[in-house]
Structure formats: structure tokens, C-alpha cells
Amino acid sequence: MNLREEPTPGERPRRDAHVRSLRPDDVALIQMIKDICLREDFSSHYTAQHIAVLAGANSERAFERALARGDQFLVAEMQGMVAGYASWAEGEILSTFVVPPAQGQGIGSLLVDACTLDARTAGRPILRVRATLNAVDFYRSFGFLPTEPGFHEIGGTRIPYQLMVR
Ligand SMILES: CC(C)(COP(=O)(O)OP(=O)(O)OC[C@H]1O[C@@H](n2cnc3c(N)ncnc32)[C@H](O)[C@@H]1OP(=O)(O)O)[C@@H](O)C(=O)NCCC(=O)NCCS
């Protein structure tokens, strides 16, 4: 989304931020953003072991596999710098990560709104998210409601999430 003319409901239009498609040279940077977020934002709801497992799974190969699967990635730039990214596939938001210094300024919302718009345009409206426990209230603001809890199993470790639907 390049500062699309008509902001969707909930979007905070920003003059200095825009969302664009992922480029191959973004991968190392968004991997770094995810790593920083895991270490700075997840400790309120996840153990050190959970975070270590998630960080271990955050590799360039994992992004390449996701791209090969067809996951759609969008990148947010603020003041010319990559500030976050989000991904979606098959009616689901798969991730939203905003680098901590840029959080709380509407970038996460811009990304979720852009995924929502792209998915709707592709005929696969976003109806669910497996929210990390620290982000349940964030996703609530887009109309997702918690249904049942679940977990991802990575290398024998269960990482809990909250399934949310709308
Ligand atoms: C969750 C995250 C993506 C939000 O991005 P952001 O740019 O800070 O979000 P915004 O500034 O657009 O905030 C949108 C709204 O959600 C709220 N919000 C943001 N992060 C929140 C959080 N972690 N918990 C509760 N509410 C949150 C904001 O207060 C704001 O509410 P408002 O509309 O009443 O002002 C960001 O905090 C992040 O990257 N966290 C770490 C990674 C993560 O947990 N991602 C989600 C799972 S993949």
C-alpha cells in the first residue's frame, strides 16, 4: 500500500510512512526486526525458553520457505527506513512486527490494514489470526475476538497462541 488515497477504517494515515511489497534485500533486515521484537516484547507473556526457541526458528531459510509457500509479505517504511513488516496467507494474518522505537505510532495498524486490503482484493478476506499472547489487545482493535487457545510446536517446545476470529 503506497499511502493509498482512501484510508480504510481504523487506519491512521501518516505522511511519513508507507507500506510496500517485500524486496529480496529486505529479508535480512526484517529477520533482524523480528529478532529484536522477540527479545524486547515477548518477555511479558513468554518464557526465556519460548523466546530462545522462536529466535532459533527465525532464520533466513524460514523466510525463504514462507515466501516459497506463497505467504504475502508487506514492509512498512517510515522516514525512508524499514520500520516493520507483516505477512498473510489464506485468510489469516501470520505476523506483524514493528521495530520497538517505531511502535505506538500507527505502523502496526497501517500494516494490518494493508494486509486486510490486499487479501480482500485477492478474494481471500482476513478472518483469523493466531495472536501471540502479548498482541491479543492489538488485534482486538481490528475486530478480532479471542476464540480458543492453541500452540505452535517447534522442536518439541509448545509456544502458546490465542486464536482470534472476526
Ligand atoms: C503488536 C505490534 C505489531 C503493534 O504495532 P504498533 O505499531 O505499535 O501498533 P499501533 O501503533 O498501530 O497501535 C494500534 C493500537 O494497538 C494498541 N497496541 C499496540 N501494541 C499493543 C500491544 N502489544 N498490546 C496492546 N495494545 C497494543 C495501540 O495502543 C493502539 O491502540 P489505539 O488505537 O487505542 O491507540 C508491535 O507492538 C510489535 O511489533 N510487537 C512485537 C511483535 C508482536 O507481538 N507481533 C504480533 C504477533 S506476530
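Residues numbered from 1 in each chain as written. Predicted model: local features only at pLDDT ≥ 70, side-chain atom pairs only at ≥ 80, totals over all residues.

J.: What am I meant to see in the packing of helix α1 (residues 27-41) against helix α2 (residues 48-57) here?
T.: Following both chains from N to C, one finds α1 and α2 inclined at 180 degrees, their axes separated by 10 Å at the closest point. Judged by the inter-axis angle, α1 sits roughly antiparallel to α2. Contacts between α1 and α2 involve D35, L38 and R39 on the former and, on the latter, I51, L54 and A55. In terms of residue class, the contact of α1 with α2 is built from four nonpolar, no polar and two charged. (Axes fitted to C-alpha atoms, helices over the stretch in contact; angles between N-to-C directions. Helix = DSSP H or I, 4+ residues; strand = E, 2+ residues; numbered from the N terminus. Parallel < 35°, antiparallel > 145°, perpendicular 65-115°, else oblique. Contact = placed C-beta atoms within 7 Å. Nonpolar A, V, L, I, M, F, W, Y, C, P; charged D, E, K, R; others polar.)

J.: Teacher, can you tell me more about the site of the ligand here?
T.: Around the ligand, a shell composed of 19 residues is seen, among which Q103, G108, S109, A135 and D137 lie nearest. Here the shell around the ligand takes four residues from strand β4 (residues 92-98), the largest share from any one element. Among the residues forming the shell around the ligand, the class breakdown is six nonpolar, eleven polar and two charged. (Near = placed C-beta within 6 Å.)

J.: I would appreciate a short explanation of the sheet that holds strand β1 (residues 17-21) in the present structure.
T.: What links the strands of a sheet is backbone hydrogen bonding, and the strands pair in either a parallel or an antiparallel sense. The sheet built from seven strands is open, its strands ordered β1-β2-β3-β4-β5-β7-β6 with mixed pairing. Each edge of the sheet is formed by a strand with only one pairing partner; in this case those strands are β1 and β6 (145-154). Strand after strand, the sheet turns through a mean of 30 degrees between neighbouring axes, direction not considered. As paired elements, strand β2 (residues 72-78) and strand β3 (residues 81-89) share seven bridges and run antiparallel to each other. Following the sheet pairing, Q72 is matched in β3 by W88. Where α1 meets the sheet, it contacts β2, β3 and β4, and its direction lies at approximately 90 degrees from that of β3. (Pairing = 2+ DSSP bridges.)

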